Amino acid sequence: MANILIVHAHPEPRSFSSALARTAVETFERAGHTVAFSDLYAAAFDPVHSRRNFRTVAKADYFKPQAEELHATRHAGFAPELEAEIRRLEACDLLVFSFPLWWFGLPAILKGWIDRVFAYGRIYGEGRWYERGIGQGKRAMVIMTTGSPPSAFGHRGLHAPLESILTPVHHGVFWFNGYAPLRPFVTWSAAHITSEARAAELAALRTRLADIWQETPMLFRREAEHQKGTWIDAVPRFLVTASRKAQAGAADALSPRDWAELRELRRTGQLVRASLANAEAKPWQAAFEIRALDTEAALALLRPLPMGEWCDLMCAPLDPGLEEALSPYWRPERQ
Ligand SMILES: Cc1cc2nc3c(=O)[nH]c(=O)nc-3n(C[C@H](O)[C@H](O)[C@H](O)COP(=O)(O)O)c2cc1C
């Protein structure tokens, strides 16, 4: 049986977000697990990172949070209410964050819980991050409600894609600390759906949580695959283009097996992104950004797919600075 920590952040106990959190607690307890429930608003949790975190002082005239955290780690100096949360985190095999999406992110009370509880020296740092993080062998998951429908968070939606919205949690907190992130459970447009739809969501959550230990986690890149110091990906990228052979038959199109294999390559990070013409396009073409050691290895990932039979595949190394050169976020450094 496992230890589970559910950290919940909604100010209204009768909200749907709170109903999801309670359902998670009940489902896990009924299955025999031990659940710690940190209901942050109910506990009036203080989200402010300050000297109140500590009983010890490393440097009185300048407050450097990580230095104080390291000092408190070495001298058992965390304030009791913070120490209690840290112990809950250290003890859990599954970490769950439950919250409504606020401003494309976490409610501040939950962000503050992360800021304070994931303390330098105690939880991370001193060599512990990514695959050497405290979460190694453990799992982590988001349960979230939104105001907008899923289409608004798709890649063509008005808001940012779900993947970018959850990057700070999935990559920045879970993966950074070594936890295997599970697919999020999202109730879309929670405030606008019928009570039948809400009941169906609660049932879907119960079903999902019953099988949570069998789920295949999401993956991000490992520290070991990056150059030390610059943290640039050490694995090169290739552009593989596919075009339907002139002699291909009408039935030659992407099959469910192609899709399943492409999805798995995407999950493992070997397929970074893909652009596919729609099935009826003539000539049919596709472009795949592949992470692999060399051209042959890149092609070897796609050739065995059914698609490899009726497509010509070509491969070229990708320009490593392309995204930054075109991005409005970066100062252009080349003409
Ligand atoms: C401060 C605040 C910020 C919000 N930001 C978003 C947002 O960025 N995206 C979104 O879809 N909904 C947003 N919402 C709507 C909530 O996500 C939505 O009301 C909630 O998930 C539904 O549950 P509730 O009505 O029980 O709170 C926001 C709500 C509040 C109060």
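Predicted model only: the values in this text are computed from it and were never measured.

The rules behind the values
- Residues numbered from 1 in each chain as written.
- Predicted model: local features only at pLDDT ≥ 70, side-chain atom pairs only at ≥ 80, totals over all residues.
- Heavy atoms only, no water.
- Helix = DSSP H or I, 4+ residues; strand = E, 2+ residues; numbered from the N terminus.
- Contact = heavy atoms within 4.5 Å.
- Phe/Tyr/Trp six-rings, centres within 6.5 Å; stacked < 30°, edge-to-face > 60°.
- Buried < 20%, exposed > 50% of the residue type's maximum accessible area, 1.4 Å probe, protein only.

### As for the environment of Q285
Turning to step 1, where the next piece is worked out: Mapped onto the secondary structure, Q285 falls in strand β9 (residues 285-291).
Turning to step 2, where the next piece is worked out: Between the C-alpha atom of Q285 and that of L254, which follows or precedes it by 31 residues, the distance is 11 Å.
Turning to step 3, where the next piece is worked out: Apart from residues no more than four positions distant in its own chain, Q285 is found in contact with A242, S243, S275, L276 and A277.

### Considerations on the packing of aromatic side chains
Turning to step 1, where the next piece is worked out: Tallied over the full model, the rule gives 14 aromatic pairs.
Turning to step 2, where the next piece is worked out: Considering the side-chain rings of F97 and W113, the 6.0 Å spacing of their centres and the 80° angle between planes classify their relative orientation as edge-to-face. Here F97, found in strand β3 (residues 94-100), pairs with W113, found in helix α4 (residues 108-117); they are 16 residues apart in sequence, far enough to count as distant. The residues F97 and W113 share a single accessibility class, namely buried.
Turning to step 3, where the next piece is worked out: Centroid distance F97 to F174: 5.3 Å. Interplanar angle 40°. Geometry classified as tilted. Within this pair, whereas F97 is found in strand β3, its partner F174 is found in helix α5 (residues 162-175), the two being separated by 77 residues in sequence. Of the two residues, F97 and F174, neither departs from the other in class, the shared state being buried.
Turning to step 4, where the next piece is worked out: Through a chain of ring-to-ring contacts, three or more aromatic side chains come together here, namely Y120, Y124, W129, Y130, F176 and W231.

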